[in-house]
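For reference, the chains in residue letters:
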Amino acid sequence: MSWWGKLLGGTFGYLLAGPLGALIGAALGHNFDKGLGGALRGHFEPGAQERVQTAFFTTLFSVMGHLAKADGRVSQDEIELTRDVMRRMNLNEQMRAAAIGLFNQGKQPDFQLLEVLRQFRQECHRRRNLMQMFVEILMHAAYADGNLDSAERGILERVRQELGFSTSEFQHIEALVRNTRHFGGDGFGGESAASHQVSLRGAYEILGVGESASDAEVKKAYRRLMNQHHPDKLVAKGLPEEMTRLATEKTQEIKKAYDLVKEARG
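Here's a quick rundown of the structure. (Residues numbered from 1 in each chain as written. Predicted model: local features only at pLDDT ≥ 70, side-chain atom pairs only at ≥ 80, totals over all residues. Heavy atoms only, no water.)

### Here's the deal with helix α14 (residues 244–265)
Taking 1.5 Å of rise per residue, the 22 residues of α14 would be expected to cover 32 Å, and the 32 Å separating its terminal C-alpha atoms lies within 8% of that figure. Three or more residues of α14 are buried, namely L246, A247, E249, K250, T251, E253, I254, A257, Y258, L260 and V261. (Helix = DSSP H or I, 4+ residues; strand = E, 2+ residues; numbered from the N terminus. Expected span 1.5 Å × (residues − 1). Buried < 20%, exposed > 50% of the residue type's maximum accessible area, 1.4 Å probe, protein only.)

### A short note on helix α7 (residues 113–124)
For the α-helix, the turn length of 3.6 residues means that residues three or four positions removed from each other point alike. Taking 1.5 Å per residue, twelve residues should reach 16 Å; α7 reaches 16 Å between its end C-alpha atoms and fits that length. For α7, the complete set of buried residues consists of L113, V116, L117, Q119, F120, E123 and C124. Looking straight down α7, one finds its buried side chains confined to an arc of 165°; they lie on one side. Among the structural elements, α2 (18–28), α4 (49–68), α8 (128–142) and α9 (150–163) are those in contact with the buried residues of α7. Phi turns positive, to about 55°, at H125, one or two residues after α7. (Arc of directions from axis to C-beta. Contact = heavy atoms within 4.5 Å.)

### Brief notes about the pattern of salt bridges
Here the structure, examined in full by the defined rule, presents 14 salt bridges. The shortest N-O distance in the salt bridge between R88 and E249 comes to 2.3 Å. One end of the pair, R88, is in helix α5 (residues 76–89); the other, E249, is in helix α14, with 161 residues separating them in the sequence. Overall, E249 belongs to the buried group, its relative accessible area being 8%. A salt bridge links R245 to E249; its shortest N-O distance comes to 3.2 Å. One end of the pair is R245 and the other is E249, both in helix α14 and four residues apart, which spans about a single turn. What emerges from the salt-bridge pattern is a single network uniting D84, R87, R88, R245 and E249. (Salt bridge = Lys/Arg side-chain N within 4 Å of Asp/Glu carboxyl O.)

### Considering the packing of α4 against helix α6 (residues 93–106)
Where α4 contacts α6, the two axes come as close as 6 Å, and the packing angle between them is 45°. With respect to each other, α4 and α6 are oriented oblique. When the axes of α4 and α6 are compared, the crossing they make is right-handed. Facing α4, whose interface residues are F57, T58, F61, S62, M64, G65, H66 and A68, α6 presents M95, A98, A99, L102, F103 and G106. Residue composition of the contact of α4 with α6, grouped by class: nine nonpolar, five polar and no charged. (Axes fitted to C-alpha atoms, helices over the stretch in contact; angles between N-to-C directions. Parallel < 35°, antiparallel > 145°, perpendicular 65-115°, else oblique. Left-handed = near helix turned anticlockwise from the far one by under 90°. Nonpolar A, V, L, I, M, F, W, Y, C, P; charged D, E, K, R; others polar.)

### What about the environment of Q119?
Relative to the helices and strands, Q119 resides in helix α7. C-alpha separation for the pair Q119 and A17, spaced 102 residues apart in sequence, amounts to 9.6 Å. Polar contacts involving the side chain of Q119 include one to the main-chain amide nitrogen of L20, which spans 3.0 Å. (Polar contact = N/O pair within 3.5 Å; in protein donor to acceptor, adjacent residues only side chain to side chain.)

### Describing the packing of aromatic side chains
For the coordinates displayed, the defined rule picks out six aromatic pairs. Plain terms: the ring middles of Y222 and Y258 are 4.0 Å apart, the flat faces sit at 10° to each other, and that makes the pair stacked. Taken together, the residues span a long stretch of sequence, with Y222 in helix α12 (residues 215–228) and Y258 in helix α14 at a distance of 36 residues. The exposure classification of Y222 matches that of Y258, with both residues buried. Looking at R128, its charged tip hangs above the ring of F165, at a distance of 4.2 Å from the centre. (Phe/Tyr/Trp six-rings, centres within 6.5 Å; stacked < 30°, edge-to-face > 60°. Lys NZ or Arg CZ within 6 Å of the ring centre and 35° of its normal.)

### Regarding the packing of α4 against α7
Between α4 and α7, the shortest axis-to-axis distance is 10 Å and the interhelical angle comes to 155°. Viewed along their axes, α4 and α7 adopt a mutual orientation that is roughly antiparallel. Note that α4 runs across α7; the crossing there is left-handed. Taken together, the residues of α7 that come into contact with α4 (itself represented by R51, V52, A55, F56, T59, S62, V63 and H66) are L113, V116, L117, F120, E123 and C124. Within the contact of α4 with α7, the residues separate by chemical class into nine nonpolar, three polar and two charged.

### As for the side chain of T58
Tracing the sequence through the fold places T58 in helix α4. On the basis of relative accessible area, T58 is assigned to the buried category, the value being 0%. Here T54 takes part through its backbone oxygen, which lies 2.8 Å from a polar atom of the side chain of T58. Residues within four places of T58 in sequence aside, it is in contact with L20, L23, I24 and L102.

Take a look at the structure:
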């Protein structure tokens, strides 16, 4: 049975307490801090794949809602990007309703952002690549209307701090997201490809290397990024299976960037 089936069946969901348990419980009309919680604790230890998948789904859609409301209103672009993520995940009716419920909870003024992020980091149990994928999806949500305002940057800065990313790591993630929105033209609601010169500069930023980097350094950066975004590896670490399409699209964008750099270097 998938993580979602266990969540609905109460077998797994009761184990996710704290702010994340309260959020997913409210989205499904349950209270996971009561009932069978005590009897079932221990069957799924912290770090278990299905537990992390539940935490990822819960945190992602609730924080996306909080980010969308950062400037006081939720734009049509932000709504469309959230819908696009749901479409790419091919969510069934129940999962879609839960995602919308989580998004709406994130928009509330009493949303506990820091507590949610702290529990998410704890549930991820040092799964760095998984947390990076989470940040990348959030970044795409923040860029839904084409730019980041100060309120959105403030929230993303809190995300950076709570999840333990350095400033340079976060800057590379932002560069990766900003350029893949224009580079590939088909991932995460991306836009049409830019000019060759702009695309080449963006390709280097996606790979996280400068134009003066050696061929070996470029290849090393490419392999590291492909490993970080490998769909099967991310699912094994706790990415919900429904999000494999997002990870696959990201690897395709990274490969396009690498191929462009190789072509330019002859």
